[in-house]
Amino acid sequence: MKKSTEVITRTIEDANMQQYDEAVSNFQWETVEKGFSWYGQEKCNIVYEAIDRKCEEGHAGEIALYFCDGTRDEQYTYEKLQKLSCRFARGLQNLNVEKGDRVFIFLPRTPEYYVALLGAIRIGAIGGPLFEAFMEKAVKDRLEDSDAKVVVTTKELLSRIPLHELPELKHVILVGADEADPGKRQVTYQEIMRQDDSPFVELVSKDDGMMIHYTSGSTGKPKGVLLSHYAMVHMYLSGKYAYDLRPDDIYWCVADPGWITGTSAGMWAPWLNSTPVVMRGGRFNPEEWYATIQKYKVTVWFSAPTAFRMLMASGAEISKSYDLSSLRHILSAGEPLNPEIIKWGVDTFDIPIYDNWWMTETGSTIVANFPALPIKLGSMGKPLPGIHVDIVDHIGQPMEPNELGNLAIKPKWPGMMRMIWNNPKKYNDYFLNGWYISGDSAYKDEDGYFWFEGRIDDVINTMGERVGPFEVESKLVEHPAVAEAGVIGVPDPIRGEVVKAYITLRQGFKESDELKEDIMNFIREKLAAHARPRIIEVRDKLPKTRSGKIMRRVLKARELNMPTGDVSTIDD
Ligand code: ATP
Ligand code: MG
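All values derive from a computational prediction rather than experimental measurement.

Caption draft 1: The arrangement of the UniProt feature "domain: AMP-dependent synthetase/ligase" (unreviewed entry) in the protein chain in detail. Under the present numbering, the feature "domain: AMP-dependent synthetase/ligase" (unreviewed entry) in UniProt falls on residues 57-421. Helix and strand shares over residues 57-421 are 30% and 23% respectively, and the end C-alpha atoms of the span are 36 Å apart.

Now the structure itself:
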């Protein structure tokens, strides 16, 4: 299949990592560990490292967090976050919350989200970030699976927590409520916060649990991924090398803390690198998003392909009416980044967008387009220094360059999950012949760049050829009529499978047989004859996870009249 050969050679001149090859060849995790206060000791705490240390080292009065949501507009220094989270931590101790207990946060994107998460982790409890849009079943599944002891929420979200089905859930902390009903295990946030704010932290073992993040549910029931405090080493390094964060940056990661990107890349990586964070409440809206960049003079921006595609669809008129010149670095993760989006980035912001590949289970970035490297459009880039990534076959043997196989990682790297909560079998299933198998299919080219093909389960086999849905989707959105695309294989008696494309149309285009024909030919000419969709279905929208990923398994299940499985993370 024709792969993109376009390259953007421009690199960030004064990047934290000047030379990729040099960084890789000299790399030792120990050198990174030496930068942490716990180096040479057994005990640590990520909250101490991210917040308290900044205060102790003379940065107490610097802004750590900017927040706005249309009604509130606030700033928090490191000292303020330290004090608030110490109060919250003591409040939890008063409720007899102990090290290892699970404390879940089910809140809108507000500073209280961070205060609660920092407070829980400060005492060695395990923080469980949830996304505010989860409905009752999704909330119950996660609180039940993890045996949560506490949930922090609001009055508005309370109706989605089925207390009677959750006997292990001892306390419900209500943010923004004047009163609470103890008979319903409730206590107000104000009550919890009525505590001394002097600094304290529980040091724990590096391997102790820090957060449980549930995966996005793209391929099945979400898994409870346990990350340890030691993941801080990895998050710090991703922040430094891939996100290129520095103390004088203003950094905005749009991901909700309910997803791994929102915590790992959204709070830990920047604070560990002394970089102030912008948090914006509310839902997606192109005007407000551009206005946020303008208002805070955001320098580094982390978003996702789905959001970029929505901005792209909203048109250049809107982007041109804001001053976006503060941006110096833009990042993407979570889904394949279509070359089309990178080109739009160059047109709109005068800088490219840098792709990052990782999973909830990996804790932080694994493969990235680094500021120090040319970008091959459509490629995910190269491994983070210190992490050994390769392509292996079905028995776990490394493959030759340009051969498609399993994207695999050599354990253990610092951010690696410590377990799948309540499911040791699932955890063990990730490993093969000494490799962690990601479940994604990819290949490595002769220069060591990795190219994503699709989820192993999504790869289409048609007439003996493998077709990666991502490549077809990327080409489809290059067609002027196509806004978004989801591609699956449907069974065919002769060809094994054929390619079927679900698309949404850009404004101004109407569905017709001619248009479909034109799109099919476009793929045949620009990609490959066997990749041409034989069926195109136009939809108003595509099924997506709340984190913006196209749920191909849902398209497929509906196509085959099969049960759709766990859809707790589906958007609307
Ligand atoms: P589940 O594991 O519950 O099915 P999920 O895999 O979508 O859901 P996450 O851990 O949030 O849950 O997402 C990780 C997956 O996202 C990766 O395995 C990969 O398929 C996809 N992904 C992440 N970043 C990229 C990227 N830069 N390019 C392509 N795919 C990506
Ligand atoms: Mg997954």
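Caption draft 2: Fine view of the confidence of the model for the protein chain. Put simply, the protein chain has an average pLDDT of 94, and 99% of its residues get 70 or more. Two summary scores accompany this predicted model of the complex, namely pTM at 0.93 and ipTM at 0.99.

Caption draft 3: Local environment of the side chain of His 229. Secondary-structure assignment places His 229 in the loop between strand 12 (224-228) and helix 8 (231-242). Residues in contact with His 229, not counting those within four places in the same chain, are Cys 44, Asn 45, Ile 46, Ile 121, Val 204, Lys 206, Asp 208, Gly 209 and Met 210.

Caption draft 4: Fine view of the nonpolar core. Residues Phe 88, Ile 173, Tyr 243, Trp 268, Trp 271 and Trp 301 are the most contacted members of the largest nonpolar core, which totals 142 residues. The residues touching Trp 268, leaving out its near neighbours within four places in the chain, are Ile 46, Val 47, Ala 50, Leu 118, Ile 121, Met 210, Met 211, Met 235 and Thr 263. Grouped together as the second largest cluster of nonpolar side chains are 25 residues, Phe 106, Ile 126, Leu 169 and Trp 421 included.

Caption draft 5: Spatial organisation of the site of ligand 1. By nearness alone, 22 residues border ligand 1, and Thr 215, Gly 217, Ser 218, Thr 219 and Thr 360 come closest of all. Between an oxygen atom of ligand 1 and a side-chain N or O atom of Lys 223, the distance comes to 3.0 Å. One nitrogen or oxygen atom from the side chain of Arg 455 is found 2.8 Å from an oxygen atom belonging to ligand 1. Protein burial of ligand 1: of its 630 Å² of free accessible surface, 96% is covered by the chains. Broken down by secondary-structure element, the contributors of at least two residues to the shell around ligand 1 are strand 17 (353-357) and strand 26 (450-455). The greatest single-element share of the shell around ligand 1, amounting to three residues, is contributed by strand 17. Looking at side-chain class alone, the shell around ligand 1 contains six nonpolar, nine polar and seven charged residues.

Caption draft 6: Summary view of the pairing of strand 31 (residues 535-538). As defined by bridge partners, strand 30 (residues 496-505) adjoins strand 31 across four bridges and the pair is classed as parallel. Following the sheet pairing, Lys 500 is matched in strand 31 by Ile 535. In the classification by handedness, the crossover that spans strand 30, the intervening helix 16 (residues 513-526) and the parallel strand 31 is right-handed.

Caption draft 7: Molecular detail of the pairing of strand 11 (residues 209-214). Most of strand 11 is tucked away: six of the six residues are buried. Bridge analysis of strand 11 against strand 12 gives five bridges, and the strand direction is antiparallel. Paired with Gly 209 across the bridge in strand 12 is Ser 228.

Caption draft 8: Quick look at the packing of aromatic side chains. Throughout the structure, instances matching the rule amount to 26 aromatic pairs. Taking the centre distance of 5.4 Å and the plane angle of 55 degrees together, the rings of Tyr 66 and Tyr 296 count as tilted. Taken together, the residues span a long stretch of sequence, with Tyr 66 in strand 3 (residues 63-68) and Tyr 296 in helix 10 (residues 286-296) at a distance of 230 residues. With respect to burial, Tyr 66 and Tyr 296 carry one shared label: buried.

Caption draft 9: Representation of a negative patch on the surface within the structure. A grouping of Asp 513, Glu 514, Glu 517, Asp 518 and Glu 525 is seen on the molecular surface, where their side chains present a negatively charged patch. With respect to the helices and strands, the residue Asp 518 is situated in helix 16. Asp 518 gets classed as partly exposed once you look at its relative accessible area, which sits at 41%.

Caption draft 10: Geometry of the UniProt feature "domain: AMP-binding enzyme C-terminal" (unreviewed entry) in the protein chain. When the UniProt feature table is mapped to this numbering, "domain: AMP-binding enzyme C-terminal" (unreviewed entry) covers residues 471-549. Along residues 471-549 the backbone is 25% helical and 32% strand, and the end-to-end C-alpha distance reaches 15 Å.

Caption draft 11: Structural context of the pattern of salt bridges. Following the criterion strictly, the structure yields 44 salt bridges and no others. A salt bridge links Lys 376 to Asp 445; the shortest N-O distance between them is 2.8 Å. You can see Lys 376 sitting in strand 19 (residues 375-376) and its partner Asp 445 sitting in the loop between strand 25 (435-444) and strand 26, a full 69 residues away along the chain. As far as the burial class goes, Lys 376 and Asp 445 line up, both buried. Among the salt bridges present, the one from Lys 444 reaches Asp 390, with a minimum N-O distance of 3.4 Å. Here Asp 390 lies in strand 21 (residues 389-392) and Lys 444 lies in strand 25, a separation of 54 residues in the sequence. Look at Lys 444 and you get partly exposed, because its relative accessible area is 22%. Through salt bridges with shared partners, a single ionic network connects Asp 14, Asp 244, Arg 246, Asp 249 and Arg 328.

Caption draft 12: View of the sheet that holds strand 17. Spatially, 4-3-14-13-15-16-17-18-20 is the arrangement adopted by the nine strands of the open sheet, whose pairing is mixed. Each edge of the open sheet carries a strand with a single partner, namely strand 4 (73-77) and strand 20 (382-383). Here strand 15 (residues 300-303) pairs with strand 16 (residues 329-333) via four bridges, running parallel. Residue Phe 302 lies in a different strand from strand 16, and its bridge partner there is Leu 331. Where helix 11 (residues 305-314) meets the sheet, it contacts strand 15, strand 16 and strand 17, and its direction lies at approximately 120 degrees from that of strand 16.

The rules behind each value
- Residues numbered from 1 in each chain as written.
- Chains lettered and ligands numbered in written order.
- Predicted model: local features only at pLDDT ≥ 70, side-chain atom pairs only at ≥ 80, totals over all residues.
- Heavy atoms only, no water.
- UniProt positions renumbered as here; feature names shortened; annotations may be inferred.
- Helix = DSSP H or I, 4+ residues; strand = E, 2+ residues; numbered from the N terminus.
- pLDDT = per-residue confidence, 0-100.
- Contact = heavy atoms within 4.5 Å.
- Core = buried A, V, L, I, M, F, W, Y, C linked by side-chain atoms within 4.5 Å.
- Buried < 20%, exposed > 50% of the residue type's maximum accessible area, 1.4 Å probe, protein only.
- Near = heavy atom within 4 Å.
- Polar contact = N/O pair within 3.5 Å; in protein donor to acceptor, adjacent residues only side chain to side chain.
- Areas by Shrake-Rupley, 256 points an atom, 1.4 Å probe, with all protein chains shown as cover.
- Nonpolar A, V, L, I, M, F, W, Y, C, P; charged D, E, K, R; others polar.
- Pairing = 2+ DSSP bridges.
- Right-handed = clockwise from strand over helix to strand, strands pointing away.
- Phe/Tyr/Trp six-rings, centres within 6.5 Å; stacked < 30°, edge-to-face > 60°.
- Patch = residues over 30% accessible without salt bridge, like charges linked within 9 Å, V, L, I, M, F, W, Y side chains within 5 Å.
- Salt bridge = Lys/Arg side-chain N within 4 Å of Asp/Glu carboxyl O.
- Lys, Arg positive; Asp, Glu negative; His and termini not counted.
- Charge placed at Lys NZ, Arg CZ, Asp CG, Glu CD.
- Axes fitted to C-alpha atoms, helices over the stretch in contact; angles between N-to-C directions.

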